[in-house]
Amino acid sequence: DTAGTVVLFPSSRSIAASEMRPGGASPTPVRRIVVLDGGWRECKRINEWIRPEIRRCVVSTARREEFGGTRKYGNPADAEGRVQTAAAFACMLQEMGEDPAHVNAVKKGLAHFMECWEAQICRSKTWVS
């Protein structure tokens, strides 16, 4: 289902998730979302293997301040525009106009995961603010 598939991946040719809302600028409704997860280098390679005629999608509302992060970057400026994959997916659902109750459930689950992750990292004393 090439026409109904979208890959969550930021690139110069990516379509804004908000354009994929039902009745939006996108002519074909989204029926399948492919989410690439890994380091940036790995995700770029995976994306290169996916057929170019499959649409790419980018989000604009994901913020590291809202969801936190699971990776450390040497330079704080490098971390500023980066968000984890799960946060981008939650924002994608919201921008695409999915049911707010479903979006909130995903965000709540992500917030719980981050609380557990941060507690685990703090206990191991390897977390650096």
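Residues numbered from 1 in each chain as written. Predicted model: local features only at pLDDT ≥ 70, side-chain atom pairs only at ≥ 80, totals over all residues. Heavy atoms only, no water.

Peer 1: How do you make sense of the pattern of salt bridges when you look at a structure like this?
Peer 2: Side chains that differ in sign of charge can pair as their charged atoms come close. All chains considered together, the criterion is met by 2 salt bridges. For the salt bridge of Asp1 with Arg31, the shortest nitrogen-to-oxygen distance reads 2.8 Å. With Asp1 in the segment before strand S1 (5-8) and Arg31 in the loop between strand S2 (15-16) and strand S3 (32-35), this residue pair connects regions lying 30 residues apart in the sequence. Owing to a relative accessible area of 42%, Asp1 belongs among the partly exposed residues under this scheme. For Arg51, the salt bridge identified is with Glu53, shortest N-O distance 3.3 Å. For Arg51, a relative accessible area of 45% corresponds to the partly exposed category. (Salt bridge = Lys/Arg side-chain N within 4 Å of Asp/Glu carboxyl O. Helix = DSSP H or I, 4+ residues; strand = E, 2+ residues; numbered from the N terminus. Buried < 20%, exposed > 50% of the residue type's maximum accessible area, 1.4 Å probe, protein only.)

Peer 1: Sorry if this is basic, but what is going on with the pairing of S1 here?
Peer 2: Residues Thr5 and Val7 line one face of S1 and the alternating positions Val6 and Leu8 line the opposite face, and both faces are buried. As paired strands, S1 and S3 are joined by 4 bridges and run parallel to one another. Each bridged residue has a counterpart across the sheet, and for Thr5 the counterpart in S3 is Arg32. Both S1 and strand S4 (residues 55-58) contribute to a ladder of 3 bridges, which runs parallel. The partner of Val6 across the bridge, within S4, is Arg55. (Pairing = 2+ DSSP bridges.)

Peer 1: Looking at this model, I keep getting lost on the environment of Gly4. Mind explaining?
Peer 2: Looking at the secondary structure, you find Gly4 in the segment before S1. Taking relative accessible area as the criterion, Gly4 reaches 0% and is therefore assigned buried. Measuring from C-alpha to C-alpha, the distance between Gly4 and Arg31 comes to 4.9 Å, with 27 residues separating the pair along the chain.

Remember, this is a structural readout, not a statement about activity or role.
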